[in-house]
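Residues per chain, in single letters:
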Amino acid sequence: MVPPGSRKTGRFGIPAGQSRAAGNQLLRFLPKAAIEFIAPHLERVALTRGQSLFEPGDDVTHAHFPLDGAVVALVLPMQDGRVIEAATIGREGAIGGIVSLGSKPAYARAAVQIPGEAMRVSVARLEAAKRAAPRAHDVLVRYADCLTAQVLQAVACAALHPLEARCARWLLMTHDRLQQTELPLTQEALAEMLGVARTYVTRIATELKSRGAISYSRGTIRILSRSQLEQTACECYVSVRQHFDRVLPGLYPRPEH
Ligand SMILES: [Zn+2]
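None of the values given here were measured: they were computed from a predicted structure.

(A) How the structure looks around the overall build of the chain. Looking only at helices and strands, one finds nine helices and 10 strands in the chain. Buried residues in the chain amount to 42% of all 257 residues. Residue pairs at least 24 apart in sequence account for 71% of intrachain contacts in the chain once pairs closer than 6 positions are excluded.

Right, here's the structure in full:
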């Protein structure tokens, strides 16, 4: 045990006495045997805003597990240059090579939305860990089911729900993953994620601000009232969260109020 207040850090910069998986909930959910198997091969890497972890068609060589505060979006780039977000992944999850056997080409782009750090491990090592600890395979398949739920819900949301509700939903999802009221996010980035022109997002942001839900300044959106955002968001926010809670109870970050 590490005495309270000790800041001694381990090999990956994580306080000694904690698991190397600290900071990523999905890693915490993996059985000890799997963590021991991959721990010597885990690398701590910086994720910079806008960085692409892989592009459509790339071989996915590594699985990335975002640590506190980092958010990566799976987006579909269109031929005209527009992109649309399919899923938001933070410390509750991982990107790349979760269920596939060996390297497989990516279908989407994994773009860093909010910078931070991640632990990464080669897909080959992760595969070996699944074979060594079958329960790790079960956890990762369950996580993949949650990720699929996010993508399916995003299809319905983009087709049927008004932009204001989608915007509120996106802010709530991001707030859950950051656990801080200030989201380092421009309105341009938000517009890109929602697949709409910046002017639409500006109008929505102004409306949310007038209701006391958010405030914003250059490059930062501050959440002032989650309950306002929850009232504005569509059912998709709660549906996905509930699915996470049923499939992997305790994985999804508890919303802060
Ligand atoms: Zn929706």
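(B) Quick look at the packing of helix H5 (residues 163–178) against helix H6 (residues 187–194). Taken N-terminus to C-terminus, the directions of H5 and H6 make an angle of 110 degrees; their axes are 11 Å apart at the nearest point. Considered as vectors, H5 and H6 are oriented roughly perpendicular to each other. The way H5 lies across H6 gives a crossing that is right-handed. From H5, Leu163, Arg166, Cys167 and Trp170 reach across to H6, where they touch Leu190, Met193 and Leu194.

(C) Representation of the sheet that holds strand S3 (residues 62–66) in the model. Reading across the sheet, the three strands line up as S1-S7-S3 and stay open at both edges, with antiparallel pairing between neighbours. Of all strands in the sheet, those bounded by a partner on one side alone are strand S1 (43–47) and S3. Going from strand to strand, the sheet's axes swing by 40 degrees on average, the running direction of each strand aside. When S1 meets strand S7 (residues 116–122), the two strands line up antiparallel, connected through five bridges. Counted as the bridge partner of Arg44 is Met119 from S7.

(D) Fine view of the sheet that holds strand S8 (residues 182–183). Taken in spatial order, the three strands of this open sheet run S8-S10-S9, and their pairing is antiparallel. The open sheet has two edge strands, S8 and strand S9 (214–217), and neither has a second partner. Judged from the two bridges that link them, S8 and strand S10 (residues 220–223) form a sheet pairing that is antiparallel. By the bridge assignment for S10, Glu182 is matched with Arg222.

(E) Quick peek at the pairing of S7. The element S7 is largely enclosed, with a buried count of six among its seven residues. As paired elements, S3 and S7 share five bridges and run antiparallel to each other. Directly across from Pro66, in S7, lies its bridge partner Ala118.

(F) The arrangement of the confidence of the model for the chain in detail. Mean pLDDT over the chain works out to 88, with 89% of the residues at or above the 70 mark. Taken together, the stretch residues 1–21 has pLDDT below 50 and engages in 29 contacts with residues farther than four places along the chain or on a different chain.

(G) Structural detail: the environment of Glu117. Considering the arrangement of structural elements, one finds Glu117 in strand S7. Sequence separation of Glu117 and Arg91 is 26 residues, and the distance between their C-alpha atoms is 10.0 Å. With near-sequence residues (within four places) excluded, Glu117 lies in contact with Arg44, Val45, Ala46, Leu47, Leu67 and Ala70.

(H) The arrangement of the environment of Thr186 in detail. With respect to the secondary-structure elements, Thr186 resides in the loop between S8 and H6. Spatially, the C-alpha atom of Thr186 lies 7.3 Å from that of Ile221, the residues being 35 residues apart in sequence.

(I) Local environment of the nonpolar core. If you look at the biggest cluster of nonpolar residues, it comprises 78 residues, and the most contacted ones within it are Val72, Ala110, Tyr143, Cys167, Leu171 and Leu190. Both of domain 1 (25–134) and domain 2 (161–247) provide at least three residues apiece to this core. Apart from the residues within four sequence positions on either side, Tyr143 is in contact with Leu26, Gly93, Ile98 and Leu248.

Reading the values: the criteria
Residues numbered from 1 in each chain as written. Predicted model: local features only at pLDDT ≥ 70, side-chain atom pairs only at ≥ 80, totals over all residues. Helix = DSSP H or I, 4+ residues; strand = E, 2+ residues; numbered from the N terminus. Buried ≥ 20, exposed ≤ 12 C-beta atoms within 10 Å, placed from the backbone. Contact = placed C-beta atoms within 7 Å. Axes fitted to C-alpha atoms, helices over the stretch in contact; angles between N-to-C directions. Parallel < 35°, antiparallel > 145°, perpendicular 65-115°, else oblique. Left-handed = near helix turned anticlockwise from the far one by under 90°. Pairing = 2+ DSSP bridges. pLDDT = per-residue confidence, 0-100. Core = buried A, V, L, I, M, F, W, Y, C linked by C-beta atoms within 7 Å. Domains from an automatic or database assignment.

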